[in-house]
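Notes for the structure review
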Amino acid sequence: MSTQSVKGPSGISLGGLIRRPETGSLIGLIVVYVFFAALGGKVFMGAPGWSSWLNIAAEVGIIALPVGLLMISGEFDISVGSVVPASSMTTAMLSGHFELPALIGILGGLSVGLLIGFLNGLIVTRTTIPSLIATIGTMFAVMGLTLGFAVLIKGSTSVSYVPDATTKALLGTFINGMFNVSIFWWLGFVAIFYYVLHISPLGSWIFALGGDKESARNAGIPTAKVTIGLFMASGFAAACVGVGQVMTYQTAQVAGGQAFIFNSIMCVVIGGVLLTGGAGSIIGIVLGTMTFAVVNQGIFFAALDPNIGSIIIGALLLAAVLSNDTFRTLALNYSPKKK
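So, here's what we can say about the structure.

Cut-offs used in this document
- Residues numbered from 1 in each chain as written.
- Predicted model: local features only at pLDDT ≥ 70, side-chain atom pairs only at ≥ 80, totals over all residues.
- Heavy atoms only, no water.
- Helix = DSSP H or I, 4+ residues; strand = E, 2+ residues; numbered from the N terminus.
- Contact = heavy atoms within 4.5 Å.
- Buried < 20%, exposed > 50% of the residue type's maximum accessible area, 1.4 Å probe, protein only.
- Arc of directions from axis to C-beta.
- Phe/Tyr/Trp six-rings, centres within 6.5 Å; stacked < 30°, edge-to-face > 60°.
- Core = buried A, V, L, I, M, F, W, Y, C linked by side-chain atoms within 4.5 Å.
- Axes fitted to C-alpha atoms, helices over the stretch in contact; angles between N-to-C directions.
- Parallel < 35°, antiparallel > 145°, perpendicular 65-115°, else oblique.

**Focus: the side chain of Ser 182**
Inspection of the secondary structure puts Ser 182 in helix α8 (residues 182-198). When sequence neighbours within four positions are dropped, the list of residues in contact with Ser 182 reads Ala 58 and Ile 62.

Below, the structure written as structure tokens:
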């Protein structure tokens, strides 16, 4: 009897699903959730636990999506860690210190992210500087400028701002006192980036850039415009998080945002995106983000030493890198057998 791939009613190959990179992310999510559910008990499995890790997932997830697209295209963006505080300080300065309308402050904060993203893309496409080095340089420059302007204008490294009720409800409220409204914004970003990467023609261009940029350019793909657009999307997403933090916590800090740099990259890698570019998916990035958030908050509910959380995340990252190569090899070697 010949060996055949098992297919469901819709004709989807089970063998093909097993070989998808998201499979490793899904397995990792299930394992860590069951582990912390066993230790954290009903509290972790209830609304307090879900709201805790979903709130974390929403913030880092908004940034991880465009960072993931950049990594699929073969680029890195380290500057997101400086865009978050820069945008939050800009919003708080305009609407808090100078008492301008909330819309002006929000647009100002988002504009900062778009501008930094544009500069990153311009540097990467117009020079031979690798994106990793270019965005590290941008990060330190933006951090210095943010600190300098904050001290010059406000005389402090923090700025307070109390938004109006409508703005607070849309961007910084907690539903039932637990679930941050940013969760819904995250889902909106997921839908948009899913369309961009997996439905629109732009997705094929992004994968082509990660596969071979020179070949993509020879094929007529506007590589410079796509790269600049991706960097601007990354800056915009980081700025959205910065603006949301101001509305939620009613204060902006110069020193905030550094954790987003490596946390977003970890979510992307755990989600199955190859560090070498050319492979990945939005579903995988979402699963990787959820896995990271569950570990991040599960440590608290399980009353474990915080250092154990770092060990688990480090192990997940190493396992993800190894499994990504394994699943990619399986996918490349896989061809469904016919009767």
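**Description of helix α9 (residues 201-211)**
For α9, the complete set of buried residues consists of Gly 203, Ile 206, Leu 209 and Gly 210. Around the axis of α9, the buried residues are gathered within 120 degrees of arc, so they sit on the same side. Opposite the packed face of α9, turned more than 90 degrees from it, sit the exposed residues Pro 201, Ser 204 and Gly 211.

**Here's the deal with the packing of aromatic side chains**
Under the definition given, this model contains 8 aromatic pairs. For the ring pair Tyr 33 and Phe 44, a centre distance of 5.4 Å and an interplane angle of 35 degrees mean the geometry is tilted. Phe 44 matches Tyr 33 in its accessibility class, with the two residues each being buried. For the ring pair Phe 36 and Phe 44, a centre distance of 6.5 Å and an interplane angle of 50 degrees mean the geometry is tilted. Take Phe 44: its relative accessible area is 0%, and that puts it in the buried class. An aromatic cluster is present here, built from Tyr 33, Phe 35, Phe 36, Phe 44, Trp 50, Trp 53, Phe 300 and Phe 301 joined pairwise through their rings.

**With respect to the nonpolar core**
The tendency in soluble globular proteins is for nonpolar side chains to be buried as a group. With 87 residues, the main nonpolar core has Trp 186 and Ile 282 as its most contacted residues. The greatest single-element share of this core, amounting to 14 residues, is contributed by helix α3 (residues 47-72). Once residues lying within four places of it in the same chain are set aside, the contact partners of Trp 186 are Leu 54, Ala 57, Ala 58, Gly 61, Ile 62, Leu 65, Val 286, Thr 289 and Met 290.

**A short note on the packing of α9 against helix α11 (residues 223-249)**
If you want to describe how two helices pack, look at the angle between their axes and the distance between the axes. Contact geometry for α9 and α11: axes closest at 11 Å, N-to-C directions at 100 degrees. Here α9 is positioned roughly perpendicular relative to α11, judged by the angle of their axes. Of α11, the residues touching α9 (which contributes Leu 202, Trp 205, Ile 206 and Leu 209) are Thr 223, Val 226, Thr 227 and Leu 230.

Shape descriptors only; they carry no functional weight alone.
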